[in-house]
Amino acid sequence: MAYLWSLAALIPLNNYGHYIHWGVIDVSVANFIVVVLMILTFIAALFLPFPGRNRRKENQ
Amino acid sequence: MSTAEIERQWTTRLRKRVAGHLPPEKLLPDTQPAYVSSWIYVFGVTTIAALTMVILSGIILAIRGPQWWHSSSIGHFINSTHLWSVEIFFFAMIVHLWGKFFMAAWRGGRSLTWVTGVVTFLASVGTAFTGYVSQTNFDSQWISTQAKDGINATGVGSIFNVLNLGQMLMWHIVLLPLAAVLLTTIHVLLVRVKGVVPPFEDEKGATK
Ligand code: HEM
């Protein structure tokens, strides 16, 4: 278990949150990271080949 | 009973309607059109999977109660499973809705599919919010005292009091999950009734 606790120390959670202020936009760093990950996942979903796609074409 | 009488029964009428709109091969199809083999179509079912985990972990939290989830290590684990399943649920739902937005997936009489999606999203936001204020810790106290002025300013505070833990917990574990699951069921059945929306260039009358 001890090594798990040292992992938790990588991201200190006992501090004030970090915020990005950009004009009218006000967002916590944590939320901003999630939004960026969603956008990257969306782009990846559009461009990564879907397994089995070619197999299906051969069958047609 | 005469045939006419049998035809008039609500059971007969309902069965015929369901069989017409949603025959078994449409309810549980074995193949999908070729354009469905893309990762973007995976996010609807990912959302269902995450929702299932949310409900299962929520049931365990309900069985054991707050003292357990605050103080035992298994309680912490199930509590975290509940939270992280919610994170995946919203993540997948939003990628799903972006996908449907850019496909204009409300085309061809599918507007109710889109609208049930929107309402499910709103119900889910409400479920998450009432969950945050039902934690029974300092975080939930902070969130509810921050939220009360906003909610009260809308007038909703007269029937929906975010400082009332009992009420918030009821909304979180009974009313809103019921609504979310019901809406999701209708949403997915509508997709089955209509079939997956074809790409723009495959629409009837489109020039190829
Ligand atoms: C609990 C949340 C939700 C669940 C479990 C869910 C699930 C699904 C599933 C399984 C499908 C079938 C195909 C696919 O995944 O692409 C689907 C289709 C669809 N979803 Fe959702 N969805 C949710 C929320 C939403 C939201 C928030 C929107 C938009 C505001 C939305 C809009 C649509 C539309 C328009 C379709 C029809 C696509 C078509 O006919 O091709 N959904 N949904």
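Up top is the structure.
A short tour of the structure in this document, coming up. (Residues numbered from 1 in each chain as written. Chains lettered and ligands numbered in written order. Predicted model: local features only at pLDDT ≥ 70, side-chain atom pairs only at ≥ 80, totals over all residues. Heavy atoms only, no water.)

Right, let's talk about the pairing of strand β2 (residues 25-28) of chain A for a bit. Sheet analysis places strand β1 (residues 19-22) of chain A next to β2 of chain A, joined by four bridges and oriented antiparallel. Across the sheet, the residue bridging to His 21 of chain A is Asp 26 of chain A, located in β2 of chain A. (Pairing = 2+ DSSP bridges. Helix = DSSP H or I, 4+ residues; strand = E, 2+ residues; numbered from the N terminus.)

Residue and element names in this part refer to chain B. Under the definition given, this model contains nine aromatic pairs over all chains. Ring centres of Trp 106 and Trp 114 lie 4.8 Å apart, and the angle between their planes is 75 degrees; this geometry places the pair in the edge-to-face category. With relative accessibility at 33%, the residue Trp 106 sits in the partly exposed group. A relative accessible area of 28% means that Trp 114 is categorised as partly exposed. The interplanar angle of 90 degrees and the centroid separation of 5.2 Å between the aromatic rings of Phe 160 and Trp 171 together place this pair among those described as edge-to-face. (Phe/Tyr/Trp six-rings, centres within 6.5 Å; stacked < 30°, edge-to-face > 60°. Buried < 20%, exposed > 50% of the residue type's maximum accessible area, 1.4 Å probe, protein only.)

Time to look at the coordination of the iron atom of the ligand. Residue and element names in this part refer to chain B. Those protein atoms acting as donors to the iron atom of the ligand are His 96 (NE2) and His 187 (NE2), and they sit at 2.0 Å. In this structure, the iron atom of the ligand is coordinated by six donor atoms arranged in octahedral fashion, with angles at the metal of 86 to 179 degrees. A residue pair is termed long-range when its members are at least 10 positions apart, and His 96 in helix α6 (residues 73-103) and His 187 in helix α9 (residues 165-194) qualify at 91 residues. Like His 96, the residue His 187 is buried in the burial classification. (Donors = N, O, S within 2.8 Å, 3.2 Å for Na, K, Ca; no water. Tetrahedral: all angles 85-135°; square planar, octahedral: opposite > 155°, others 65-115°.)

Our next topic: the nonpolar core. Residues Met 38, Phe 42 and Ala 45 of chain A together with Ile 40, Phe 43, Ala 92, Ile 94, Val 95, Met 103, Ala 105 and Val 197 of chain B constitute the largest nonpolar core, which totals 11 residues. Every element with two or more residues in this core is listed here: α2 (29-47) of chain A together with α6 of chain B. The element that contributes the greatest number of residues to this core is α6 of chain B, accounting for four residues. In this structure Phe 43 of chain B touches Thr 41 and Ala 45 of chain A together with Ala 92, Val 95 and His 96 of chain B, once residues within four positions along its chain are discounted. (Core = buried A, V, L, I, M, F, W, Y, C linked by side-chain atoms within 4.5 Å. Contact = heavy atoms within 4.5 Å.)

The next point concerns α9 of chain B. Residues and elements named next belong to chain B. Its 30 residues place the ends of α9 42 Å apart at the C-alpha level, agreeing with the 44 Å of an ideal helix rising 1.5 Å per residue. Taking the largest bend as the criterion, α9 deviates by roughly 40 degrees, centred on Trp 171. Buried within α9 are the following residues: Gln 167, Met 168, His 172, Leu 176, Pro 177, Ala 180, Leu 183, Thr 184, His 187 and Leu 190. Check the buried side of α9 and you find it contacts α4 (42-64), α6 and α7 (111-132). Structurally, the start of α9 carries an N-cap: the backbone nitrogen of Gly 166 is 3.3 Å from a side-chain oxygen of Asn 164. Immediately beyond the C-terminal end of α9, within one or two residues, lies Gly 195, with a positive phi of roughly 80 degrees. (Expected span 1.5 Å × (residues − 1). Bend = angle between axes of the 7 residues up to and from the residue. Polar contact = N/O pair within 3.5 Å; in protein donor to acceptor, adjacent residues only side chain to side chain.)

The next point concerns the site of the ligand. All names here are of chain B. Close to the ligand lie 24 residues, the nearest being His 96, Lys 100, Gly 117, His 187 and Val 197. In the environment of the ligand, an oxygen atom lies 2.6 Å from a nitrogen or oxygen atom belonging to the side chain of Lys 100. Those elements that place two or more of their residues in the shell around the ligand are α4, α6, α7 and α9. Looking at the shell around the ligand, the element that brings in the most residues is α7, giving six residues. When its residues are assigned to classes, the shell around the ligand shows 13 nonpolar, nine polar and two charged. (Near = heavy atom within 4 Å. Nonpolar A, V, L, I, M, F, W, Y, C, P; charged D, E, K, R; others polar.)

This next bit is on the interface of chain A and chain B. Each partner contributes to the interface: chain A provides 15 residues, whereas chain B provides 13 residues. In total, chain A and chain B occlude about 1300 Å² of area from one another, counting both sides; carbon and sulfur atoms represent 78% of this. When residues of chain A are sorted by the area they lose upon contact with chain B, Met 38, Phe 42 and Phe 50 of chain A head the list and together hold 45% of the total. Inspection of the chain A/chain B interface yields zero salt bridges. Along the contact surface separating chain A from chain B lie one residue pair in polar contact (both at pLDDT 80 or more). The set of elements that each furnish at least two residues to the side of chain A that touches chain B consists of α2 and α3 (53-59) of chain A. Here the side of chain A that touches chain B takes eight residues from α2 of chain A, the largest share from any one element. A per-class count over the side of chain A that touches chain B returns 11 nonpolar, two polar and two charged. (Buried area = accessible area lost by both parts, 1.4 Å probe. Salt bridge = Lys/Arg side-chain N within 4 Å of Asp/Glu carboxyl O.)

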